[in-house]
Protein chains: 4
Amino acid sequence: MSLDFLKEILENDPFLKHVGIKVKNIGHGECALYMDFREEITRFGGFVNGGAIATLADAAGGCAALTSNLGYNEVTVDLEITYMRPITTGPIVARSRIIKGGKNLAYALIEVYDGNNTLCSIVKGTYFYTERF
Amino acid sequence: MSLDFLKEILENDPFLKHVGIKVKNIGHGECALYMDFREEITRFGGFVNGGAIATLADAAGGCAALTSNLGYNEVTVDLEITYMRPITTGPIVARSRIIKGGKNLAYALIEVYDGNNTLCSIVKGTYFYTERF
Amino acid sequence: MSLDFLKEILENDPFLKHVGIKVKNIGHGECALYMDFREEITRFGGFVNGGAIATLADAAGGCAALTSNLGYNEVTVDLEITYMRPITTGPIVARSRIIKGGKNLAYALIEVYDGNNTLCSIVKGTYFYTERF
Amino acid sequence: MSLDFLKEILENDPFLKHVGIKVKNIGHGECALYMDFREEITRFGGFVNGGAIATLADAAGGCAALTSNLGYNEVTVDLEITYMRPITTGPIVARSRIIKGGKNLAYALIEVYDGNNTLCSIVKGTYFYTERF
């Protein structure tokens with residue numbers, strides 16, 4: 001699986017498409033995904049819903065995990081999100097990098113920024129590699 | 001704020017509506033929310049996207065937090081999701097209860113079940129009460 | 001490995017011994033460990049140090065994981081502790097049960113009680129099975 | 001409270017002393033704590049017990065939180081530890097920095113290194129400020 005193919009998979013993933021998540025860039029062991037600020041991703045109060053942030057962060061972590069063990073699919077084992085600041089501007093960008101990749105497990109650290117490039121959430125994700133594509 | 005009003009707020013929350021999350025029941029310090037299994041909440045591989053599960057779980061935790069300190073709004077501080085089994089059937093139900101509610105912080109434990117009533121994810125959420133409505 | 005042998009291993013683990021952690025009971029897929037309240041496990045302020053609580057909880061989760069896949073060793077992948085109430089009385093008891101055990105990963109939910117049997121911390125632990133003993 | 005006084009508090013904290021945790025350096029919004037590799041902090045298998053790592057990381061996070069809101073005490077709300085590599089060499093060093101400090105909550109990111117300066121654990125800690133000293 002090439003990085004281009006991975007980009008295509010992500011942009012056609014049904015839920016990610018529904019939420020409006022797009023690829024900014026994908027490298028080896030890292031990636032950046034983003035979504036625009038639109039009303040449909042907000043919550044009561046007018047800022048971005050924590051679930052939309054979790055979706056973006058998990059997608060970024062899983063994507064980075066895929067790049068560090070190309071050819072294997074993955075599932076998320078644990079996702080731990082710390083919400084530090086409400087997000088009211090876009091684009092909302094999640095930058096993820098693999099801290100350690102192995103044969104079975106990959107560990108990602110993901111940072112989520114608002115439209116002013118302020119760090120708003122920090123996220124850890126643990127991914128388990130499953131079958132080959 | 002009454003429990004009925006809370007139900008109305010949840011069902012009109014832009015992102016929760018976009019994801020298709022509905023209220024099953026709301027009590028004092030607990031609630032159950034659900035979403036139907038539809039293609040648009042799935043991920044590559046055909047099972048429910050982890051972000052949709054996080055959204056459902058966080059909404060259930062936040063809702064339960066609101067019931068245990070009526071009149072206050074809340075934000076999520078930490079959300080920790082353990083994905084144990086992929087979900088391929090609906091309705092997907094998140095049952096949440098407040099383990100401890102305080103003046104500032106509330107702690108929720110949330111269980112997510114698939115359409116066969118199998119426990120698929122366990123989630124902890126920590127919520128911080130903000131301003132009065 | 002029998003449950004008796006597991007008990008012996010736990011009670012001779014260097015750090016667990018140093019912290020004063022003992023076995024209350026071990027069953028299949030569950031266990032209870034405890035430690036007495038002593039000054040040496042406290043922190044500034046006179047309540048139990050969060051690290052001692054984490055140690056007790058992790059040991060209980062790992063022990064329960066071992067019982068649900070006898071013969072294999074395990075390492076902790078993720079440990080997520082929510083501290084809800086300070087602990088000032090003993091014995092401090094951690095009750096752990098395996099929510100889902102698999103071939104590779106086991107997921108434990110652990111509750112920590114103080115000497116008044118009040119729930120003070122909730123903990124999730126994810127364990128990865130390594131080599132056979 | 002000065003940084004020197006904070007150092008004194010940490011080094012006289014009963015449990016931290018019992019585990020052998022010492023201060024390497026303390027700055028504003030950051031600190032490094034360490035412990036030597038000794039048998040008494042190990043677990044079955046000969047590597048450092050996850051509870052000792054949690055203790056070190058939590059102390060580092062709490063210390064950094066204290067430096068960013070001097071004069072206030074704090075308690076840990078959530079501690080999330082990802083164990084990536086077993087530790088078999090010392091000194092074991094935890095480096096912590098406050099990602100965001102506020103009036104009520106502080107968020108720390110903590111990295112734990114073994115004696116070869118390899119990153120072995122990543123940890124997030126959320127701290128709540130309580131009374132003034």
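Below is a short write-up of the structure. Within each chain, residue numbers correspond to sequence positions counted from 1 in written order. Chain A is the first chain written and ligand 1 is the first ligand written, with later ones labelled in order. Two thresholds apply to this predicted model, a pLDDT of at least 70 for residue-level local features and 80 or more for giving and counting side-chain atom pairs, whereas whole-chain, interface and lining totals are computed over all residues. Calculation of side-chain values draws on the structure's entire complement of heavy atoms; hydrogens and water are dropped beforehand.

## Overview of the packing of helix H1 (residues 3–12) of chain C against helix H3 (residues 50–67) of chain C
Residue and element names in this part refer to chain C.
And then number 1: A fitted line through C-alpha atoms represents every axis, and for helices the fit uses only the stretch in contact; the resulting angles, taken between N-to-C directions, go from 0 to 180 degrees. In this text, helices come from DSSP runs of H or I with a minimum length of four residues, and strands from runs of E with a minimum of two, each type numbered from the N-terminal end. Relative orientation of the contacting elements H1 and H3 amounts to 155 degrees, with a least axis distance of 11 Å. Taken together, the axis directions place H1 and H3 in an arrangement best described as roughly antiparallel. In the crossing of H1 with H3, the sense of the turn from one axis to the other is right-handed. In this structure, H1 contributes Leu3, Leu6 and Leu10 to the contact, and H3 contributes Cys63, Leu66 and Thr67. When an angle is under 35 degrees it counts as roughly parallel; over 145 it counts as roughly antiparallel; between 65 and 115 it counts as roughly perpendicular; any other value is oblique. Helix crossings get a hand from a simple test, with the near helix turned counterclockwise from the far one by less than a right angle marking a left-handed crossing and a clockwise turn marking a right-handed one. In this analysis, two residues are considered to be in contact whenever any of their non-hydrogen atoms come within 4.5 Å of each other.

## As for the environment of Ser68 of chain A
Residues and elements named next belong to chain A.
And then number 1: With respect to the element layout, Ser68 can be found in the loop between helix H3 (50–67) and strand E3 (72–83).
And then number 2: Its relative accessible area of 32% is what places Ser68 among the partly exposed residues.
And then number 3: Remark: the alpha-carbon pair of Ser68 and Glu39, spanning 29 residues in sequence, is separated by 34 Å.
And then number 4: In contact with Ser68, other than residues within four places in its own chain, are Gly29, Ile98 and Tyr129.
And then number 5: Side chain to side chain, Ser68 and Tyr129 meet in a polar contact 3.1 Å long. The classification of residues rests on relative accessible area computed with a 1.4 Å probe and restricted to protein chains. Under 20% of the type maximum is buried, over 50% is exposed, and intermediate values are partly exposed. N or O atoms within 3.5 Å of each other form a polar contact, as long as, within protein, one can give a hydrogen and the other can take it, and as long as residues adjacent in sequence are counted only when both atoms are side-chain atoms.

## Focus on unusual backbone geometry
Working note: non-glycine residues mostly have negative phi, and peptide bonds are mostly trans.
Residue and element names in this part refer to chain A.
And then number 1: In this chain, Gly90 is followed by Pro91 through a cis amide linkage whose omega measures -5 degrees.
And then number 2: Inspection of the secondary structure assignment puts Pro91 in the loop between E3 and strand E4 (92–101).
And then number 3: The phi dihedral of Asn117 is positive, around 65 degrees, even though this residue is not glycine.
And then number 4: Mapped onto the elements of the fold, Asn117 is located in the loop between strand E5 (105–113) and strand E6 (119–132).
And then number 5: Taking the relative accessible area as the measure of exposure, Asn117 reaches 55% and is therefore exposed.

## Brief notes about helix H1 (residues 3–12) of chain A
Residues and elements named next belong to chain A.
And then number 1: All of the buried residues in H1 are Leu6, Ile9 and Leu10. One side of H1 carries all its buried residues, which in axial view fall inside an arc of 95 degrees. Away from its buried face by more than 90 degrees, H1 exposes Asp4 and Glu8.
And then number 2: Summarising the contacts, the buried residues of H1 are in contact with helix H2 (14–19), strand E1 (21–27), strand E2 (30–35) and H3. Directions are taken from the helix axis to each C-beta atom, and the arc is the one they span.

## Digging into the relation of the copies chain B and chain A
And then number 1: To line up the copies, we fit them by least squares on C-alpha atoms, keeping just the residues with pLDDT of at least 70 in both. Of the transformation placing chain B onto chain A, the axial shift is 0.0 Å and the rotation is 180 degrees, giving an RMSD of 0.0 Å. With respect to symmetry, the two chain copies, as superposed, fit the operation of a two-fold axis. For chain B, the minimum C-alpha distance to the rotation axis belongs to Glu80 of chain B and amounts to 2.1 Å.
And then number 2: When you check the interface residues of chain B against chain A, 100% turn up at the interface there too, and the contact is symmetric in its surfaces.

## A closer look at the interface of chain D and chain A
And then number 1: Listed per partner, the contact involves 15 residues of chain D and 15 residues of chain A.
And then number 2: Accessible area that two parts lose when put together, evaluated with a 1.4 Å probe and summed over both, is termed the buried area. Of the roughly 1400 Å² buried at the junction of chain D and chain A (both faces included), carbon and sulfur atoms supply 67%.
And then number 3: Any carboxyl oxygen of Asp or Glu that lies within 4 Å of a side-chain nitrogen of Lys or Arg is treated as forming a salt bridge with it. Summed over the shared surface of chain D and chain A, the result is zero salt bridges.
And then number 4: Viewed at the interface, chain A and chain D are joined by six residue pairs in polar contact (both at pLDDT 80 or more).
And then number 5: Of all the elements in the fold, those that place two or more residues in the side of chain D that touches chain A are strand E3 (72–83), strand E4 (92–101), strand E5 (105–113) and strand E6 (119–132) of chain D.
And then number 6: Tallying contributions element by element places E6 of chain D first for the side of chain D that touches chain A, with five residues.

## Things to note about the sheet that holds strand E2 (residues 30–35) of chain C
Pairing between sheet strands relies on hydrogen bonds along the backbone, with the strands arranged either parallel or antiparallel.
And then number 1: Two strands are said to pair when DSSP picks up at least two bridges between them. One open sheet accounts for twelve strands, arranged E1(C)-E2(C)-E4(C)-E5(C)-E6(C)-E3(C)-E3(D)-E6(D)-E5(D)-E4(D)-E2(D)-E1(D); its pairing is antiparallel. Of all strands in the sheet, those with a lone pairing partner are strand E1 (22–27) of chain C together with strand E1 (22–27) of chain D, marking the two edges. Taken pair by pair, the neighbouring strands of this sheet meet at an average axis angle of 20 degrees, ignoring direction.
And then number 2: Where E3 of chain D meets E6 of chain D, ten bridges bridge the pair, whose relative direction is antiparallel. Paired with Tyr72 of chain D across the two strands is Arg132 of chain D, which belongs to E6 of chain D.
And then number 3: Each of E1 and E2 of chain C is contacted by H1 of chain C, which is oriented at about 155 degrees to E1 of chain C, the strand it contacts most.
And then number 4: Contacts between helix H3 (residues 50–67) of chain D and the sheet are confined to E1, strand E2 (30–35), E3, E4, E5 and E6 of chain D, with E3 of chain D contributing the most and set at about 140 degrees to the helix.

## Comments concerning the sheet that holds E2 of chain A
And then number 1: Ordered in space as E1(A)-E2(A)-E4(A)-E5(A)-E6(A)-E3(A)-E3(B)-E6(B)-E5(B)-E4(B)-E2(B)-E1(B), the twelve strands form an open sheet in which the pairing is antiparallel. Sheet topology places E1 of chain A together with strand E1 (22–27) of chain B at the edges, where each strand pairs with a single neighbour. Strand-to-strand twist across the sheet, computed as the mean angle between neighbouring axes with direction ignored, equals 20 degrees.
And then number 2: Lying on the sheet, H3 of chain A is in contact with E1, E2, E3, E4, E5 and E6 of chain A; it crosses E3 of chain A at an angle near 140 degrees.
And then number 3: Packing against the sheet, helix H1 (residues 3–12) of chain B makes contact with E1 and strand E2 (30–35) of chain B, and its axis sits at approximately 155 degrees to E1 of chain B.

## Considerations on the pairing of strand E5 (residues 105–113) of chain B
Residues and elements named next belong to chain B.
And then number 1: For E5, the buried fraction is high: eight of the nine residues fall into the buried class.
And then number 2: Where strand E4 (residues 92–101) and E5 come together, eight bridges link them in antiparallel fashion. The residue of E5 that forms the bridge with Gly101 is Ala106.
And then number 3: Here E4 hands over to E5 after three residues, the two strands then running antiparallel side by side.
And then number 4: Linking E5 back to strand E6 (residues 119–132) in an antiparallel pair, the connection comprises five residues, with Asn117 at a positive phi of about 65 degrees.

## Quick notes on the interface of chain B and chain A
By convention, interface size is frequently given as the accessible area that disappears when the constituent parts associate.
And then number 1: Listed per partner, the contact involves 33 residues of chain B and 33 residues of chain A.
And then number 2: Taking both sides of the interface into account, the surface hidden between chain B and chain A amounts to around 2700 Å²; carbon and sulfur atoms contribute 55%.
And then number 3: When the buried surface of chain B facing chain A is broken down by residue, Phe15, His18 and Phe44 of chain B rank first, second and third, together holding 23% of it.
And then number 4: Between chain B and chain A we count two salt bridges in total.

## A word on the pattern of salt bridges
Residue and element names in this part refer to chain A.
And then number 1: For the coordinates displayed, the defined rule picks out 16 salt bridges over all chains.
And then number 2: Two residues, Arg38 and Glu40, come together in a salt bridge whose shortest N-O distance is 2.5 Å.
And then number 3: Note on Arg38: relative accessible area 23%, which makes it partly exposed.
And then number 4: Relative accessible area serves as the criterion here: at 32%, Glu40 is assigned to the partly exposed category.

## Remarks on the environment of Cys120 of chain B
Residues and elements named next belong to chain B.
And then number 1: If you trace the backbone, Cys120 turns up in strand E6.
And then number 2: C-alpha separation for the pair Cys120 and Pro86, spaced 34 residues apart in sequence, amounts to 6.9 Å.
And then number 3: Beyond its immediate sequence surroundings of up to four residues, Cys120 is in contact with Thr82, Tyr83, Met84, Arg85, Pro86, Ile87, Val112 and Asp114.

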